[in-house]
Every structure is written in structure tokens, then in C-alpha cells.
Amino acid sequence: MNYMKLKYIALQIIIITFAVLLSNSCTNAPEFYHSDEQKYYSICQQSDTVQGVLIYNPDDLTQICNIEFVDSLLMIFTNRNDSMIMVYNTHSDSIVSHFGRYGNARNELLDYIGFCQFDKSVDNQLLMRIQDENRKKIITYNIASSIEKGELVYQNSFKYDIPRSNVDRYRCYYRGENDYLIHLGLSGDGDARDEFIYPPAIIGPINMNTQVSVYPHIVSGDKRFLRYAYNIMSQISPDHQKIAEAHGNIGVVTIYDIASGRTVEIKNEDSYDFEYIDALGRIEDDSKYDKLLICTTGFNVSEKYIAICQDGKLSMNEMDMINKYSPIVCIFDWNGKLISHFVTRESIVQVAINDGERCLYGVDCNGNVYRYKFEILANS
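About the criteria used
- Residues numbered from 1 in each chain as written.
- Predicted model: local features only at pLDDT ≥ 70, side-chain atom pairs only at ≥ 80, totals over all residues.
- Heavy atoms only, no water.
- Helix = DSSP H or I, 4+ residues; strand = E, 2+ residues; numbered from the N terminus.
- Buried < 20%, exposed > 50% of the residue type's maximum accessible area, 1.4 Å probe, protein only.
- Contact = heavy atoms within 4.5 Å.
- Areas by Shrake-Rupley, 256 points an atom, 1.4 Å probe, with all protein chains shown as cover.
- Lys, Arg positive; Asp, Glu negative; His and termini not counted.
- Charge placed at Lys NZ, Arg CZ, Asp CG, Glu CD.
- Phe/Tyr/Trp six-rings, centres within 6.5 Å; stacked < 30°, edge-to-face > 60°.
- Lys NZ or Arg CZ within 6 Å of the ring centre and 35° of its normal.
- Disulfide = S-S within 2.5 Å.
- Pairing = 2+ DSSP bridges.
- Salt bridge = Lys/Arg side-chain N within 4 Å of Asp/Glu carboxyl O.

A.B. asks: When you look at the overall build of the protein in this model, what are you seeing that I'm missing?
C.D. replies: Scanning the protein for helices and strands turns up 4 helices and 26 strands. Over its C-alpha atoms, taken along the principal directions, the protein stretches across nearly 95 × 50 × 45 Å. Residues counted as buried form 52% of the 380 residues belonging to the protein. The contacts of the protein with a sequence gap of at least 6 include a subset with a gap of at least 24, amounting to 48%. Taken as a whole, the protein presents about 18800 Å² of accessible surface, with 47% of it coming from carbon and sulfur. Charge-centre separation for the protein: the mean point of 35 positive side chains lies 3 Å from the mean point of 50 negative side chains.

Now the structure itself:
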């Protein structure tokens, strides 16, 4: 065998070897979810069961839409057209003010409050910022003055832009004067009848040239299924430096560092992954919803912590049983470390964190508000 033939064979071996390595690399690459760092946890031992202290019991006409904790105040957002915001002082254990009327005036609200941000003004006044999707504005209200006057006090507003059309869900996060981020859900080109082709992403700030996403591709499924597959809850940290997002139907929390774009995955080892979600999406009938689980219900962040209420047992077809479940509450720090967990006797579905007193406030399916003390794990 001459030298040229040996050289040709050697070259072919190199090409084939490279092709195999490349194929393996592509096969092993995460197709639907990829973070820069992975952290895993498992609740392998029985968590303590904690009974909450009832602090607020609404009347039959009041439905609680959300809660948030700021300073020493628990903000309770309701569906009452004359008291859409109630302020509970945790030092005095009492409602100290209620305000917020439904209407079109500058000091009225067009919709119930499911999400808001709190900040301080330059003179240390407590401010609340609400996303107005109809007008594409962030509207700021002075809560300190509102408590004093017993009516909602308008401060200012600014407009924001959505960089894509056909966006399923989004949140606009204020980060300073004329500075904001958009957390986009699934989106596509054209109108709402078109397919989703863009995965969830964080866009911004200001010039919208920066984009961070942990979703290389969208899983299989029709629009209804995709909305469950990407049922994402997100919140920004009070210092505007990080965003955390939790999935309603998969046991994953993602932390985004806004400055660096670096992402940290916090994965429940007992939960399925996105490949499983993709396989479910290929099932043509509704039997897939028997296998799609309700993983996370409540979600909230504070300066120090991230809290979730998780189940992972009930399926989407058992949603009407959610008022009978007892969730496991997991609390993480902003580095993604599990620092506390416990089971609540009450079926809470919304939470708010009080860092200073290590308290968690929870709303159950009937609108009752409870307080829970949590302990930091010994190895944290």
C-alpha cells in the first residue's frame, strides 16, 4: 500500500471521527433549556408541617388577587371596586388604610392588581409601580401619601415599547428613570392567530438590543399546551439587579443576573424535564393533561429570598382539587441555595416574604391570609 493511499485512509478516518464527535455533541446539547449553572435540590426528608396564624379573613364579597410585603406593610390587592388596595400594618396587626377605585381617572385603576413593583422616591417616599398593558405605560403611585389621604395618589408615568408582536404574556420591569426590562413570554410575528416561534426571553434595557434566554427551542404542542409548558411567573429583585422566574408546570426556577446575563437553574430532582414536556406535547388528545403536573403555585421574591409553593402531584385535569392540597414551601437565597422548606396545613396559593422577621404571608384558596415563621436550615 503506497504512501498516498495510507494518507487518504488516515484523512477519511479523521473526517469520520470528527463527524461522530460533532454528532454526539449536537445530540447531547440541551435542546429546550440551557442555563450557565445548575443547582439541584430534593426534599428527601419529611418537612415540618406548619399551621399558619390567621391574620385576615375577607368577607364574602372580597376576593384577594395578590399580596406583597414592603417595609412593615402587607399590601393586599382585592377585587373590591372601592378598595382595590388594603394596607395591613404587621406591627399593629391591623388594616390601617384602604383605597383604589375602579375607573378611568388618573387616580383610579382600570384593572385589579396582580403584579406591581415597590420603590422609594428620592425623599424616601414609598412608591408603587403598576404595568398598564392597555396604554403600554408604567404608572407610579405614591403609597405613603395614599395611606395618609385614604385615596390613591398619582405620581407619574412613562411609556414602554414591546419589541415583538403576538406576545402571549409579558412583564415590564422599571429599573430607573427611562430604564426598563421586558420579560417576554412566547411570541411570534403577526397577529394572535399566528404560531409562536420565539421562546421566552428578557429584552433590554432601554435600546432593546440585549437579549437573554435559557430556551434554545420551543417544545412541541399546540397553543393551548404551550401556554401551560411556558406558564412562567417572574419577579425582579428590589435592587433591580436580578430576575427570578418559576414554572407553573415544571420544577424549575431560573435566576438571571441582569448585568452579566448569567443564568442559574434551580431544579427539583424529583420533577420531569423539558424533554418530557416535549414528548407530552406530541400527544394529540387531551390525555397529556393527566400527565402534566401542577408544580408551582405561589411565587415571590424579596431582597434576600426567593419563595415558591410547590406540589408536583396534582395534574392539570385535577385543578379543581387545588383547594385541598398542602404545598411544600421552599425558600432559596439569590445564589440558588435551598435555605428552608416546610409544609403548610393551609392550601396557600400566593405568598409574600418578610425578610426582617423571617415570615411568609400566604393566601389560601378562600382568600384567608396567614402568617408563617420559617427557620434557616442548619447547613445553610
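Moving on, there is more to tell.
A.B. asks: Please clarify how the packing of aromatic side chains should be interpreted in this entry.
C.D. replies: Two numbers describe a pair of aromatic rings. These are the distance of the centres and the angle of the planes. Inspection of every chain in the model, using the stated rule, returns 19 aromatic pairs. Between Tyr160 and Tyr170, the ring centres sit 6.0 Å apart and the planes meet at 65°, which makes this aromatic pair edge-to-face. Of this pair, Tyr160 sits in the loop between β11 (154-159) and β12 (170-176) while Tyr170 sits in strand β12; the two residues are 10 residues apart in sequence, bridging distant segments of the chain. Residue class for Tyr160 comes out buried when judged on its relative accessible area of 1%. Joined through ring pairs, the aromatic side chains of Phe158, Tyr160, Tyr170, Tyr174 and Tyr180 make up one cluster. A cation over an aromatic ring shows up here: Arg129 above the ring of Tyr174, its NZ or CZ 3.7 Å from the ring centre.

A.B. asks: Which parts of the structure should I look at to understand the state of the cysteines?
C.D. replies: Working definition of a disulfide: a covalent bond connecting the sulfur atoms of two cysteines. In this structure the tally under the stated criterion is 0 disulfides. Between Cys172, a free cysteine, and Cys116, which holds the nearest cysteine sulfur, the sulfur-to-sulfur gap is 14 Å.

A.B. asks: Explanation requested: the sheet that holds strand β15 (residues 211-212) in the structure shown.
C.D. replies: Adjacent strands of a sheet pair through backbone hydrogen bonds, lying either parallel or antiparallel. Here we have 4 strands laid out as an open sheet, ordered β12-β13-β14-β15, and antiparallel in their pairing. With one partner strand each, in any of the chains shown, β12 and β15 form the two edges of the open sheet. The pairing of strand β13 (residues 179-184) with strand β14 (residues 201-203) spans 3 bridges and is classified as antiparallel. By the bridge assignment, Leu184 is partnered in β14 with Ala201.

A.B. asks: Please clarify how the pattern of salt bridges should be interpreted in this entry.
C.D. replies: Pairing between side chains of opposite charge can happen when the charged atoms of each approach one another. Summed over all chains, the structure comprises 13 salt bridges. Salt-bridge contacts for Arg262 lead to Glu37; the nearest nitrogen and oxygen are separated by 3.7 Å. One end of the pair, Arg262, is in the loop between β18 (252-257) and β19 (263-268); the other, Glu37, is in strand β1 (residues 37-41), with 225 residues separating them in the sequence. Notably, a salt bridge pairs Asp179 with Arg175, separated by 3.8 Å at the nearest N-O pair. In this structure, a network of salt bridges that share partners links the residues Glu37, Lys39 and Arg262.

A.B. asks: How do you make sense of the environment of Asp132 when you look at a structure like this?
C.D. replies: Within the secondary structure, Asp132 sits in strand β9 (residues 126-132). A relative accessible area of 8% places Asp132 in the buried class. Spatially, the C-alpha atoms of Asp132 and Lys159 are 9.3 Å apart, while their sequence positions differ by 27 residues. The contacts of Asp132, once residues within four sequence positions are left out, are Leu110, Lys137, Ile139 and Tyr160.

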